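# Coordinate inspection notes
As a plain string of letters, each chain reads:
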Amino acid sequence: APAPPPARHVFSDPAEVEALRGSLLAWYDRCKRDLPWRAVAATELDADRRGYAVWVSEIMLQQTQVATVIDYYNRWMQKWPTLQALAQASLEEVNELWAGLGYYSRGKRLQEAARKVVSELAGRMPRTAEDLQKLLPGVGRYTAGAIASISYGQATGVVDGNVIRVLCRLRCIGADSSSPAVIDRLWAMANVLVDRSRPGDFNQALMELGATVCVPKAPLCGECPVKQHCQAWRRKLFGKPPPVPDVEDCGVGDCPLCPPATEPWDSSLGVTNFPRKAAKKPPRAMRTATCVLERRGCRGAPEYLIVQRPSSGLLAGLWEFPSLPLAQDLQVEKEREELADHLQAWMGRPVAAKGLQFIGEVIHIFSHIHQTYVVYSLHLDGDVTLDPALSPSRWVTEDEFHASAVSTAMKKV
């Protein structure tokens, strides 16, 4: 069996655990933000509706800031207030409402899971974290724990980015916070700490603390309700521990949860020494040629051609202007020629490369891709018949374009 973690990295005193719970919940009751999904969870008596409302919010909040999510959440719940309503929606409708929120596969998986609940589970949401994770596509360990604790009162912990930061500071965990060993330790700690009588409120309080007080930079330690339990805060106050460790301290240089010896405590950083993450890989650079094809519509207004992306991969199922990935360091004339050949396949007639008007470049940063769109335009005379064997395509006005399921990057274009 693996050795137990050193005492300083766990909550082993029941009295301290109880005091921390009480302080955190009292602070949450006073200071929590007024968020729409919290209002639904607190007032909705139907357990499935409550679970659905929390589920939607948790999926939207993945990788996305609260301020951005609120409007999307309100529009989503107004359009699809129940699992049954969402299950009957089309993927096109889901993508249209999700457009601009990013990480588009989230919306697709949410709808797939809603259909599964309706068709295979008789419309009844799973009630435990274990079943939620096992039965619902797109629901991972964190989301399952959040839904189960907030909606159904299961005493199970949660670990997201905010909780990682809070727990690493509370217990001076300075090893790579994304490593499996550290993540396992944090989940064990979260399950020890969660309040048995108010698990949903406690988990939200822990996340709220990380989002509003124990923030990544310039944390508001003076306002923290649990600073007396925070070892990083104590270390900031009293400096480095004495050369001879006491029973609460780790052994020298061999603790898997302490900062590596090559990255010792930096007194100028204080509590922001924690958590520590492995260096991120830089996003890979990509260039894509994009052409805005314009024609005069039957009512005289300009219309633009958009085509649908494949049903899997980046921006799956969304609509875009005809686009073509480019090799790096391609000469400008060669870019034009390749794009002209690509457009010719769409229109079934030759496209002169010299007829493509260069407009400029648009840079859009995805989580793992630094994308440069090389933007061209081409005005067409007369009607154009598109090859129906190719991907779905349609002509849209500017207003119709903005109402379609298009990415933020295409709106920039």
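Per an unreviewed UniProt entry, the recorded name for the protein is Adenine DNA glycosylase, and the organism is Promerops cafer. Under Catalytic activity (unreviewed entry), UniProt gives the following word-for-word description of the protein: "Hydrolyzes free adenine bases from 7,8-dihydro-8-oxoguanine:adenine mismatched double-stranded DNA, leaving an apurinic site." According to UniProt, the comment filed for the protein under the heading Sequence similarities (unreviewed entry) is "Belongs to the Nth/MutY family."

Cis peptide bonds are those with omega within 30 degrees of zero, and the linkage from phenylalanine 274 to proline 275 qualifies with -5°. For proline 275, the location among the structural elements is in the loop between α13 (231-238) and β1 (284-296). Located in the positive-phi region is alanine 218, a residue other than glycine, with phi close to 50°. We classify alanine 218 as exposed; its relative accessible area is 61%. With a phi angle near 65°, aspartate 329 is a residue other than glycine that sits in the positive phi range. Accessibility expressed as a relative area gives 74% for aspartate 329, which makes it exposed.

The subject of this paragraph is the nonpolar core. With 103 residues, the main nonpolar core has Tyr52, Trp55, Met60, Trp76 and Leu209 as its most contacted residues. Among the elements that line this core, the one with the most residues is helix α3 (residues 47-61), at eight residues. Built from parts of two domains, this core gets at least three residues from each of domain 1 (7-273) and domain 2 (284-403). Methionine 60 has contacts with Val69, Tyr72, Tyr73, Trp76, Trp98, Leu101 and Arg106, leaving out every residue within four places of it along the chain. Core analysis: the second largest hydrophobic core is formed by 19 residues, Cys291, Leu293, Leu326 and Trp346 among them.

Before going further, it helps to spend a moment on empty space enclosed by the protein. Within the structure shown, the criterion is met by two cavities of 30 Å³ or more. The space that makes up the largest cavity amounts to roughly 110 Å³. Lining the largest cavity we find 14 residues, and of these Arg169, Cys214, Cys221, Cys224 and Cys230 sit closest to its centre. When residues in the lining of the largest cavity are grouped by element, the largest group, three residues, is from helix α10 (residues 161-170). Taken together, the residues of the lining of the largest cavity sort by class into 12 nonpolar, no polar and two charged. When its volume is computed, the second largest cavity comes out at roughly 40 Å³. Surrounding the second largest cavity, Trp55, Ile59, Gln62, Arg106, Arg109, Leu110, Pro137 and Gly138 form its lining. When residues of the lining of the second largest cavity are traced back to their parent elements, those giving at least two are α3 and α7 (105-120).

Glancing now at helix α11 (residues 180-193). One turn of an α-helix holds 3.6 residues; hence residues three or four places apart share an orientation. Here α11 is 14 residues long and its end C-alpha atoms lie 20 Å apart, about the 20 Å a rise of 1.5 Å per residue gives. Residues of α11 that are buried include every one of Val182, Leu186, Trp187, Met189, Ala190 and Leu193, and no others. The arc that holds the buried residues of α11, viewed along the axis, is 165°, so those residues lie on one side. Buried residues belonging to α11 abut α1 (14-31), α9 (141-152), α10 and α12 (199-212).

Taken domain by domain, the protein consists of domain 1 (7-273) and domain 2 (284-403). Relative to domain 2, the C-alpha centre of domain 1 lies at a distance of 41 Å. Counting residues at the interface gives six residues for domain 1, matched by 10 residues for domain 2. The interface formed by domain 1 and domain 2 holds one salt bridge in total. If you look at where domain 1 meets domain 2, you find one residue pair in polar contact (both at pLDDT 80 or more). Broken down by element, the residue count for the side of domain 1 that touches domain 2 peaks at three residues, all from helix α6 (residues 91-98). The residue makeup of the side of domain 1 that touches domain 2, split by class, is two nonpolar, one polar and three charged.

Those residues of helix α2 (residues 36-43) that fall on the buried side of the exposure criterion are Trp37, Arg38 and Ala41. Angularly, the buried residues of α2 cover 100° about the axis, an arc narrow enough to put them on a single face.

Our next topic: the pattern of salt bridges. Taken as a whole, this structure holds 15 salt bridges when the rule is applied. A salt bridge links arginine 295 to glutamate 303; the nearest nitrogen and oxygen atoms lie 2.9 Å apart. The exposure class of arginine 295 is buried, given its relative accessible area of 17%. Put simply, glutamate 320 and arginine 309 hold a salt bridge, and the shortest N to O gap is 3.1 Å. Remark: arginine 309 occurs in the loop between β2 (302-308) and β3 (319-320) and glutamate 320 occurs in strand β3; sequence separation between them is 11 residues. Judged by its relative accessible area of 10%, glutamate 320 falls in the buried class. Note on arginine 309: relative accessible area 23%, which makes it partly exposed. Salt bridges sharing common partners tie together Asp29, Arg198 and Asp201.

Rules and cut-offs
- Residues numbered from 1 in each chain as written.
- Predicted model: local features only at pLDDT ≥ 70, side-chain atom pairs only at ≥ 80, totals over all residues.
- Heavy atoms only, no water.
- UniProt positions renumbered as here; feature names shortened; annotations may be inferred.
- Helix = DSSP H or I, 4+ residues; strand = E, 2+ residues; numbered from the N terminus.
- Buried < 20%, exposed > 50% of the residue type's maximum accessible area, 1.4 Å probe, protein only.
- Core = buried A, V, L, I, M, F, W, Y, C linked by side-chain atoms within 4.5 Å.
- Domains from an automatic or database assignment.
- Contact = heavy atoms within 4.5 Å.
- 1 Å grid on protein atoms, 1.4 Å probe; cavity = no way out; pocket = protein on both sides within 12 Å on 5 of 7 lines; lining within 4 Å.
- Points joined across faces, edges and corners; volume = space filled by probe spheres on them.
- Nonpolar A, V, L, I, M, F, W, Y, C, P; charged D, E, K, R; others polar.
- Expected span 1.5 Å × (residues − 1).
- Arc of directions from axis to C-beta.
- Salt bridge = Lys/Arg side-chain N within 4 Å of Asp/Glu carboxyl O.
- Polar contact = N/O pair within 3.5 Å; in protein donor to acceptor, adjacent residues only side chain to side chain.

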